[in-house]
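Close look at the chain arrangement
Chain by chain, the residues:
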Amino acid sequence: MVAPGFIDPHTHYDRDIVPWSQDPEQSLILPAIMQGVTTVFVGVDGSGHPAIAETLSNADKKGIGPNVAAYVGFGAVRSMVLGYSDKAPDAEELISMKKLVGKGMCEGAFGFSTGLFYSPQSYSTKDEVITLAGEAASRGGIYDSHLRDESSYTVGLQGAVQELIDIGHATSMPVHIAHIKALGVDVHGESLDVIGLVEKAQASGLAVTADQYPWIASGTSISAALLPRWAQVGGEAEMLARLQDAEQGREIRKAMAENLRRRGGPDSLLLSNRVKQDLIGKTLQDLSEEWGLDPVEAAVKVLEMGGAGVASFNQSEDDVKRFMKQAWVMTSSDASAGHPRKYASYATKYAKYVKQEKTITTAEFVHSSTGLAADSLGLQDRGYLKEGYFADVVVFSPEDYAPRATFLDPEILSAGVVDVIVNGEFAVREGEPTGLSPGRGLKHTPLVGTCD
């Protein structure tokens, strides 16, 4: 099969294109290329530094496998001005943040990204977000958000979707839900309600889209999964001090127990990275039994060891499939270490949900991985096989295209891609990487007169 090169709207490959990386193959981004992905978006979840020109220049200078597009991020901007404080910005600080968002947009960002679930972004109000998102809106950008709540932590999944819609209406800009999901036992089945909210907003004239990775497990950190946000104010040192305080420590542990229930219990959290090697591949339940500790105390011990990345098995297959069938939901990977989604999301979606379970058709898989992303996110002359478009192309075997990465061995390249062409050059030929770096840093063009 020959298709347009796949476009991944939500990745963490920023870490692979930094100039100080010593691995010469790292910037080839083989986990993406070997699945047929020819363009990746970075700066997601609010992480995008406003020095967008530098980010894209790093990619060009270092040489990169796929094309790279970037967002300017709320987390980066807020922490630059306010640190990890939970305070509201004063007028001068808000102006400083607006200038940073404007700088990012004028240097080529495709929009403004937020991760409102994560501190310090979680301390913001909706009005603060609207003010900053307006800087991207005025320059033709989109609003991309890891919702404030994908579960029942604070405002609830539906409340968080409504907040995103409110931001879109207030700024008159397209809005995009990052890695859409119904996370945790309290909200399983709410995909129907979320779809209803989105369709109502679309009917009112608002452009609303989403991306999704094809897994029932998300990837996060044990702190993000279990700690209440107030416990993280000021950073890690202050968080650890609160854990040791008798009164605060008791309240934190109470909240952690509730969050653990919400996510499905100690068997649902699998340690995956950023922790001692002998702990990787064990669940929180395993550690609880091994250490003779209550699961919450086992989690506290992991936090005191520096924390850990986890695969969090928290979704239902019914919700995953229901979202996947929506014409406004595109494929993504949320590529990050310790989870097979980095190496296998596109291959898994095809092998499992197209071939095996027939949840969607091949045509729907391809369009949700190409043209839908290009049209929704503002990529020009990409996402389709058309004369005059950039030659981003994937050739894959419908019999052999499949994942090989697993949760216990997540860093194995997928199989079945024959050729990958990026900007007219082979990045993969006859199933093997060529070692070439044909990708480019892609700049969004701001609206005329908005960056003078």
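Refer to the preceding data block for the structure.
Notes on the structure follow.

Basis of the calculations
Residues numbered from 1 in each chain as written. Predicted model: local features only at pLDDT ≥ 70, side-chain atom pairs only at ≥ 80, totals over all residues. Heavy atoms only, no water. Helix = DSSP H or I, 4+ residues; strand = E, 2+ residues; numbered from the N terminus. Rg over C-alpha atoms; globule rule 2.2 N^0.38 Å. Buried < 20%, exposed > 50% of the residue type's maximum accessible area, 1.4 Å probe, protein only. Areas by Shrake-Rupley, 256 points an atom, 1.4 Å probe, with all protein chains shown as cover. Lys, Arg positive; Asp, Glu negative; His and termini not counted. Charge placed at Lys NZ, Arg CZ, Asp CG, Glu CD. Salt bridge = Lys/Arg side-chain N within 4 Å of Asp/Glu carboxyl O. Contact = heavy atoms within 4.5 Å. Arc of directions from axis to C-beta. Disulfide = S-S within 2.5 Å. Core = buried A, V, L, I, M, F, W, Y, C linked by side-chain atoms within 4.5 Å. Phe/Tyr/Trp six-rings, centres within 6.5 Å; stacked < 30°, edge-to-face > 60°. Lys NZ or Arg CZ within 6 Å of the ring centre and 35° of its normal. Pairing = 2+ DSSP bridges. Right-handed = clockwise from strand over helix to strand, strands pointing away.

1. A short note on the overall build of the chain
- Of regular secondary structure, the chain possesses 16 helices and 17 strands.
- Against the globule reference of 22 Å for 452 residues, the chain gives a C-alpha radius of gyration of 21 Å, in line with a compact fold.
- Buried residues in the chain amount to 60% of all 452 residues.
- Carbon and sulfur atoms make up 51% of the accessible area of the chain, which totals about 17200 Å².
- Measuring between centres, the 40 positive side-chain charges of the chain sit 1 Å from its 59 negative side-chain charges.

2. Overview of the side chain of R263
- The residue R263 is located in the loop between α10 (246–262) and β11 (269–273) in this model.
- Buried charge without a salt bridge: R263, with E150 as the nearest opposite-charge side chain at an N-O distance of 6.2 Å.
- In this view, R263 contacts F117, Y153, L183, S218, T220, A225, S268, L269, S312, F313 and N314; residues no more than four positions away in its chain are not counted.

3. Points about helix α9 (residues 236–244)
- Among the residues of α9, M239, R242 and L243 are the ones counted as buried. All buried residues of α9 lie within an arc of 105 degrees about the axis, which places them on one face of the element. Seen from the open side of α9, the exposed residues pointing more than 90 degrees away from its buried face are A237 and Q244.
- Where α9 is buried, its residues contact α10 and α12 (295–304).

4. Some points on the state of the cysteines
- If you walk through the whole model with that rule in mind, you get one disulfide.
- Disulfide partner of C106: C451, at an S-S distance of 1.9 Å. As the torsion about the S-S bond is roughly -90 degrees, the C106-C451 disulfide counts as left-handed. In this pair, C106 is assigned in helix α4 (residues 91–106) and C451 in the segment after β17 (432–433), connecting sequence segments 345 residues apart.
- A relative accessible area of 32% means that C106 is categorised as partly exposed.
- With relative accessibility at 32%, the residue C451 sits in the partly exposed group.

5. Focus on the environment of V417
- Residue placement: V417 occurs in strand β15 (residues 417–422).
- Since its relative accessible area comes to 6%, V417 is described here as buried.
- Each C-alpha atom, one on V417 and one on D278, is 34 Å from the other, the two residues being 139 residues apart in sequence.
- With residues up to four places along the chain from it excluded, the contact list for V417 reads I33, M34, Q35, G36, V394, V395, F396, Y401, V428 and G431.

6. A few points about helix α3 (residues 74–82)
- Within α3, burial applies to F74, G75, A76, V77, R78 and L82.
- Taken from the residues just after α3, G83 is the one with a positive phi, measuring 65 degrees.

7. So, the nonpolar core
- Of all hydrophobic cores here, the largest spans 80 residues; its most connected members are F6, F112, Y143, V161 and Y401.
- Apart from residues no more than four positions distant in its own chain, F112 is found in contact with Y71, V72, G73, F74, V101, V129, L132, A133, A136, I142, Y143 and D144.
- Residues L226, L227, L260 and A308 belong to the second largest nonpolar core, which totals 24 residues.

8. So, the packing of aromatic side chains
- Taken as a whole, this structure holds 15 aromatic pairs when the rule is applied.
- Ring geometry for W215 and F407: centres 5.8 Å apart, planes at 80 degrees, overall edge-to-face. Placement of the pair is W215 in the loop between β9 (208–212) and β10 (217–221) and F407 in the loop between β14 (393–396) and β15, with a sequence separation of 192 residues.
- The class of W215 is buried, set by a relative accessible area of 11%.
- Given the relative accessible area of 23%, F407 is considered partly exposed.
- Look at Y350 and Y401: their rings are 5.7 Å apart centre to centre, the planes differ by 40 degrees, and that puts the pair in the tilted class. Note that Y350 is positioned in helix α14 (residues 341–356) and Y401 in the loop between β14 and β15, a separation of 51 residues in sequence. Accessibility assignment for this pair places Y350 and Y401 in one class, buried.
- Over the ring of F390 we find R382, and its NZ or CZ is 3.8 Å from the ring centre.

9. Thoughts on the pairing of strand β4 (residues 67–70)
- Alternating residues of β4 divide into N67 and A69 and V68 and A70, and every residue in both groups is buried.
- Relative to β4, strand β3 (residues 37–42) is paired through four bridges, and the arrangement is parallel. Bridge pairing in β4 places T39 opposite N67.
- Read from β3 through helix α2 (residues 52–62) to β4, the crossover connection turns out right-handed.

10. Considerations on the pairing of β9
- In terms of residue burial, β9 counts as a mostly covered element, since five of its five residues are buried.
- Burial along β9 is two-sided: the residues V208, A210 and Q212 and T209 and D211 are all buried.
- Bridging between strand β8 (residues 175–177) and β9 involves three bridges; their strand directions are parallel. Paired with H176 across the two strands is T209, which belongs to β9.
- For the handedness criterion, the β-α-β arrangement of β8, helix α7 (residues 191–203) and β9 is classed as right-handed.
- Taken together, the three bridges between β9 and strand β13 (residues 329–331) define a ladder with parallel strand orientation. When the bridges of β13 are listed, D211 appears paired with M330.

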